[in-house]
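Take a look at the letters that make up each chain.
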Amino acid sequence: MISIKDKKQCCGCSACMNACPINCISMVEDEEGFRYPHVDTAKCINCGKCERVCPILNVEPEEKFEQKAFLIRNMDEQILKESTSGGAFTAIAKEIIDAGGVVFGAAFDDQFEVHHTYVEKYEDLKIFRNSKYVQSNIESTYKEAKAFLDAGRQVLYSGTPCQVEGFWHFIGRRKYENLILIDVVCRAVPSPLVWRKYREFGIKNSENTLQEAAFRDKNKYGYQYSQIRLKFSDGEVREAGVESDPYLRAFFSNLSDRPSCYECKFKKKYRVSDITIWDCFDVYLHDKSFDDNKGVTRALAHSEKGRQIIENLKNCKIKEITADAAVRKANELVNTVRENPSRNDFFIDLGKMEFDELVEKWFPDSLKVKSERFIRENFEKLGIYRPTKRVVRKLLGKE
Ligand SMILES: Cc1cc2nc3c(=O)[nH]c(=O)nc-3n(C[C@H](O)[C@H](O)[C@H](O)COP(=O)(O)OP(=O)(O)OC[C@H]3O[C@@H](n4cnc5c(N)ncnc54)[C@H](O)[C@@H]3O)c2cc1C
Ligand code: SF4
Ligand code: SF4
Ligand code: SF4
């Protein structure tokens, strides 16, 4: 039976819970807000299934095979705007829907908690667009997706690499003809509890509720400086960039991530998925014609099925690049983020402080932050932010 002794050795994929034949595993949030399996030992029959499907106990060895890589831009301007990078996910998912299939991914519920769910209509794909920088709750979607597969429906299952590998083990590592697996390159996932406290902080009137949320909103400054944006029922809009916003600052300083992300077993070039998708901020190194601050998805096809689906995408601008060029600077594809030495203190404070106190202590709007914001925003308005950044990167030998 599954038993978690070291939290770094559980990515919270829920494969064990989905696999248990007598449903005696539940996923329970710890004090940091991350879910871990809890076994009702009185009911457990010691069948061992939970251990056999765990992607951490059964790490998939990395084996080399031929890969194809692409830059993808969805030509639908609205979809492109709503998507994190180039809107490739929606384009691929549309192929599955058009074939009468089902698409699984991460979406907000009406309380803005993030869960995995599925859709069967093209217009509903909207709920999956834009990265949610918080760990998604898989719930019973592995079982649901397998039921669709066994019934012969086309299925696209998407998620973080650990979720996709968890699903792969759950289906017995079987190559279903009617299954497409897509994983995103994943830096790490922040705590659902931090997200919950953050989105509620500063609301003075309890009738004022969150109406819209985007972690990577391109509307104000475009793709290169996308911002977190929350819109409330009283009309208030809160938006801020990575140097200013407390939630993004916690995420990008490695304070709020799941412990397993600091020893991630799924950062690798050769994956069990058919396609891996991620950002392409340095697209000018590959093809300047994409470099217009609207966003481009980089995609690595690990299978023939993945390659074919990309090459036949409709209403997309696609350029093939070599797999080596695609991964050359893709740090988050293969390298694990380093745990911030103050992470424990941060979560202790999260447990005992009001969120505005926590923000004041951990993420003050200091002179340094104000200056960075001033430079970013004004350089962006003048259209010189990106060229300046490239010159600085060159001077630092990063390009
Ligand atoms: C938590 C997280 C961390 C990421 N880290 C990096 C990174 O370090 N570097 C990088 O280049 N790219 C990263 N990405 C990927 C990137 O943000 C885009 O998802 C990718 O470029 C595809 O964009 P798109 O425009 O094609 O599709 P979009 O429509 O923007 O992407 C939608 C896809 O993202 C999935 N998704 C959204 N939120 C979650 C979630 N919480 N859990 C699981 N799946 C989710 C949806 O299910 C769908 O498959 C990350 C994504 C996530 C979710
Ligand atoms: S050993 Fe079998 S019955 Fe027990 S928790 Fe694991 S899957 Fe469930
Ligand atoms: S990694 Fe996944 S399968 Fe393994 S114990 Fe954690 S939730 Fe269960
Ligand atoms: S960093 Fe690794 S362990 Fe963490 S969510 Fe991403 S794939 Fe899973």
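Structural data are supplied above this passage.
Reading guide: rules and limits
Residues numbered from 1 in each chain as written. Chains lettered and ligands numbered in written order. Predicted model: local features only at pLDDT ≥ 70, side-chain atom pairs only at ≥ 80, totals over all residues. Heavy atoms only, no water. Near = heavy atom within 4 Å. Polar contact = N/O pair within 3.5 Å; in protein donor to acceptor, adjacent residues only side chain to side chain. Helix = DSSP H or I, 4+ residues; strand = E, 2+ residues; numbered from the N terminus. Nonpolar A, V, L, I, M, F, W, Y, C, P; charged D, E, K, R; others polar. Buried < 20%, exposed > 50% of the residue type's maximum accessible area, 1.4 Å probe, protein only. Contact = heavy atoms within 4.5 Å. Phe/Tyr/Trp six-rings, centres within 6.5 Å; stacked < 30°, edge-to-face > 60°. Lys NZ or Arg CZ within 6 Å of the ring centre and 35° of its normal. Salt bridge = Lys/Arg side-chain N within 4 Å of Asp/Glu carboxyl O. Pairing = 2+ DSSP bridges. Axes fitted to C-alpha atoms, helices over the stretch in contact; angles between N-to-C directions.

A. The site of ligand 1, seen in detail. Thr84, Ser85, Ser131, Lys132 and Val185 are the nearest of the 34 residues found near ligand 1. A distance of 2.9 Å separates an oxygen atom of ligand 1 from a polar backbone atom of alanine 106. The separation between an oxygen atom of ligand 1 and a polar main-chain atom of tryptophan 278 is 3.4 Å. Counting only elements with at least two residues in the shell around ligand 1, the list comes to helix H4 (88-98), strand S4 (102-108), strand S6 (155-159) and strand S11 (275-279). The element best represented in the shell around ligand 1 is S11, accounting for three residues. Residue composition of the shell around ligand 1, by class: 13 nonpolar, 15 polar and six charged.

B. Representation of the environment of cysteine 10 in the model. Counting through the fold element by element, cysteine 10 comes out in the segment before helix H1 (15-19). Using a relative accessible area of 9% as the deciding quantity, one classes cysteine 10 as buried. Ignoring anything within four residues of it in the chain, the contact list for cysteine 10 reads Ile4, Tyr36, Pro37, Ile56, Arg258 and Ser260.

C. Local environment of the site of ligand 2. Neighbouring ligand 2 are 14 residues, the closest being Cys20, Cys44, Cys47, Gly48 and Cys50. By residue class, the composition of the shell around ligand 2 is eleven nonpolar, two polar and one charged.

D. Here's a closer look at the packing of aromatic side chains. In total, this model carries 33 aromatic pairs according to the counting rule given. Seen from their ring centres, phenylalanine 167 and phenylalanine 170 are 6.5 Å apart, and the 25° between their planes marks the pair as stacked. Taken together, the positions of phenylalanine 167 and phenylalanine 170, both in helix H6 (residues 161-170) and three residues apart, correspond to about one turn of that helix. Taking relative accessible area as the criterion, phenylalanine 167 reaches 0% and is therefore assigned buried. Judged by its relative accessible area of 14%, phenylalanine 170 falls in the buried class. On the numbers, 6.4 Å between centres and 70° between planes, the contact of tyrosine 198 with phenylalanine 355 is edge-to-face. Remark: phenylalanine 355 occurs in helix H13 (residues 355-362) and tyrosine 198 occurs in helix H7 (residues 192-200); sequence separation between them is 157 residues. You can call tyrosine 198 buried: its relative accessible area is 5%. A network of ring pairs unites the aromatic residues Phe108, Phe112, Tyr133, Trp195, Tyr198, Phe201, Phe215, Tyr247, Phe251, Phe252 and Phe355 as a single cluster. The residue whose ring lies beneath arginine 187 is phenylalanine 251, and the NZ or CZ to ring-centre distance is 5.6 Å.

E. Region of interest: the pattern of salt bridges. Applying the stated criterion across every chain, the model contains 37 salt bridges. In this structure, the salt-bridge partner of glutamate 320 is lysine 68, at a minimum N-O distance of 3.9 Å. Placement of glutamate 320 in strand S13 (residues 316-321) and of lysine 68 in strand S3 (residues 68-74) is noted, with a sequence separation of 252 residues between them. When its relative accessible area of 42% is taken as the criterion, glutamate 320 is described as partly exposed. For lysine 268, the salt bridge is made with glutamate 165, and the minimal N-O distance between the two is 3.2 Å. Taken together, the residues span a long stretch of sequence, with lysine 268 in the loop between helix H8 (246-252) and S11 and glutamate 165 in helix H6 at a distance of 103 residues. With relative accessibility at 3%, the residue glutamate 165 sits in the buried group. What emerges from the salt-bridge pattern is a single network uniting Glu29, Arg35, Glu113, Arg196 and Arg199.

F. Spotlight on the sheet that holds S4. With respect to topology, eight strands assemble into an open sheet ordered S5-S4-S6-S7-S11-S12-S3-S13, the strand pairing being mixed. Across the chains shown, the open sheet's two edge strands, defined by having one partner strand only, are strand S5 (114-119) and S13. Neighbour-to-neighbour, the strand axes of the sheet open up by a mean angle of 25°, direction not taken into account. Pairing of S4 with S6, which is carried by three bridges, proceeds in the parallel orientation. The partner of phenylalanine 104 across the bridge, within S6, is tyrosine 157. Against the sheet, helix H5 (residues 141-150) touches S4, S5, S6 and strand S7 (179-184), its axis set at about 160° to S6. Strands S3, S7, S11, strand S12 (297-301) and S13 of the sheet are contacted by helix H9 (residues 304-311), whose axis makes an angle of about 35° with S3.

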